[in-house]
Amino acid sequence: AQTVTQSQPEMSVQEAETVTLSCTYDTSESDYYLFWYKQPPSRQMILVIRQEAYKQQNATENRFSVNFQKAAKSFSLKISDSQLGDAAMYFCAYRGNAGGTSYGKLTFGQGTILTVHP
Amino acid sequence: ETGVTQTPRHLVMGMTNKKSLKCEQHLGHNAMYWYKQSAKKPLELMFVYNFKEQTENNSVPSRFSPECPNSSHLFLHLHTLQPEDSALYLCASSQEVWGYEQYFGPGTRLTVT
C-alpha cells in the first residue's frame, strides 16, 4: 500500500521569506500524481499544485513550486515570498494512476501546520 | 469557495443521538466522497459514490450510514456514535470517480459527548 509521510508537524516563516515543506512517499507504482493541498483555518481545503510522475519538470504555480525527486520518492513544496494568507495546514497527497485497487484514491500525509509571522 | 457546501459546520451530539450531515455540490460532478479528518492523522476515506451508487466503503462501522439521493447531494447519517468518532468530516466531489482533482467542502466539526 502507498504511504505518504510529512515529517514536519509544524513550520514557521517570516513574511516575504521562503519556506520548504517536506514530503516523502512510498509506492511500487510508476504512474501516479502527487498533490499539495492547503487547508486554511476553518476554511475549505484547496489544491495548491500537482505533479505528474512522468514529467521530469517540476511544477510551478506562481509563488508555489515543487522539488520532485522520483528516485528518492520525495516531493517538497517551496513557498516563495510568503504571505500572511499562506498560513494553513498543508497536506501532501498521492494518487495512483495505474489501475488496481489503489487507482485514483488519494492517500494523504499527516499535514504540516505553517505559521507566517509578520 | 470550491462549490461544495456542508451543513452543519459544527455539531455536538450525545452517544445516543441520531443526526445527519449534509453535503451539496454545485459543480455538476458525478462522484462524491466522505472523508474523516482526525487530529494528527491523515485524512481517511470513508465512502465513495459514483452516479448515486456506492462504489467504496472503506470498512466504516455501521453507525455511519451514507445516503446519496442524487449526484449533487450526499448525506452521512450518524447513530450511536462513540467519543472517538469526534473529528472533522469532509465531503468532496470530482467530475468522475477518482477524478483528476477533488473539490472539498469546509467540513463539519463533530463532537461526540
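About the cut-offs
- Residues numbered from 1 in each chain as written.
- Chains lettered and ligands numbered in written order.
- Predicted model: local features only at pLDDT ≥ 70, side-chain atom pairs only at ≥ 80, totals over all residues.
- Heavy atoms only, no water.
- Buried < 20%, exposed > 50% of the residue type's maximum accessible area, 1.4 Å probe, protein only.
- Helix = DSSP H or I, 4+ residues; strand = E, 2+ residues; numbered from the N terminus.
- Pairing = 2+ DSSP bridges.
- Axes fitted to C-alpha atoms, helices over the stretch in contact; angles between N-to-C directions.
- Disulfide = S-S within 2.5 Å.
- Contact = heavy atoms within 4.5 Å.
- Buried area = accessible area lost by both parts, 1.4 Å probe.
- Salt bridge = Lys/Arg side-chain N within 4 Å of Asp/Glu carboxyl O.
- Polar contact = N/O pair within 3.5 Å; in protein donor to acceptor, adjacent residues only side chain to side chain.
- Nonpolar A, V, L, I, M, F, W, Y, C, P; charged D, E, K, R; others polar.

## Some points on the pairing of strand S11 (residues 108-112) of chain B
All names here are of chain B. Alternating positions in S11 separate cleanly, Thr108, Leu110 and Val112 being buried on one face and Arg109 and Thr111 remaining unburied on the opposite face. With three bridges connecting them, strand S9 (residues 87-94) and S11 associate as antiparallel partners. Bridged to Ala87 within S11 is Leu110.

## A word on the sheet that holds strand S3 (residues 18-25) of chain B
In sheet architecture, strand pairing relies on hydrogen bonds along the backbone and comes in two forms, parallel and antiparallel. All names here are of chain B. Read across the sheet, four strands follow the order S1-S3-S8-S7 without closing on themselves; strand pairing throughout is antiparallel. With one partner strand each, in any of the chains shown, strand S1 (4-7) and strand S7 (64-70) form the two edges of the open sheet. Across the sheet, the mean angle from the axis of one strand to that of its neighbour is 20°, orientation sign disregarded. Bridge count between S7 and strand S8 (residues 73-79): five bridges; the pairing is antiparallel. The residue of S8 that forms the bridge with Pro66 is Leu76.

## Some details on the state of the cysteines
Evaluation of the coordinates by the stated rule reveals two disulfides over all chains. In this model Cys23 of chain A forms its disulfide with Cys92 of chain A; the gap between the sulfur atoms is 2.0 Å. Looking down the S-S bond of the Cys23 of chain A and Cys92 of chain A bridge, the torsion is -70°, so its handedness is left-handed. With Cys23 of chain A in the loop between strand S3 (19-21) and strand S4 (24-26) and Cys92 of chain A in strand S10 (residues 88-96), the pair connects residues that are 69 residues apart, well separated along the chain. The disulfide that involves Cys23 of chain B links it to Cys91 of chain B, with 1.9 Å between the sulfurs.

## Considering the interface of chain B and chain A
Put simply, an interface is often sized by how much accessible area is lost when its parts join up. Taken residue by residue, the interface counts 20 residues in chain B and 20 residues in chain A. Between chain B and chain A, the buried area comes to about 1800 Å², and carbon and sulfur atoms account for 53% of it. Counting every contact that joins chain B to chain A gives two salt bridges. Measuring nitrogen to oxygen at the nearest pair gives 2.6 Å for the salt bridge that ties Glu56 of chain B to Lys105 of chain A. Here chain B and chain A share five residue pairs in polar contact (both at pLDDT 80 or more) between them. Listed by contribution, the elements that provide at least two residues to the side of chain B that touches chain A are strand S4 (31-37) and S9 of chain B. Taken together, the residues of the side of chain B that touches chain A break down into ten nonpolar, five polar and five charged.

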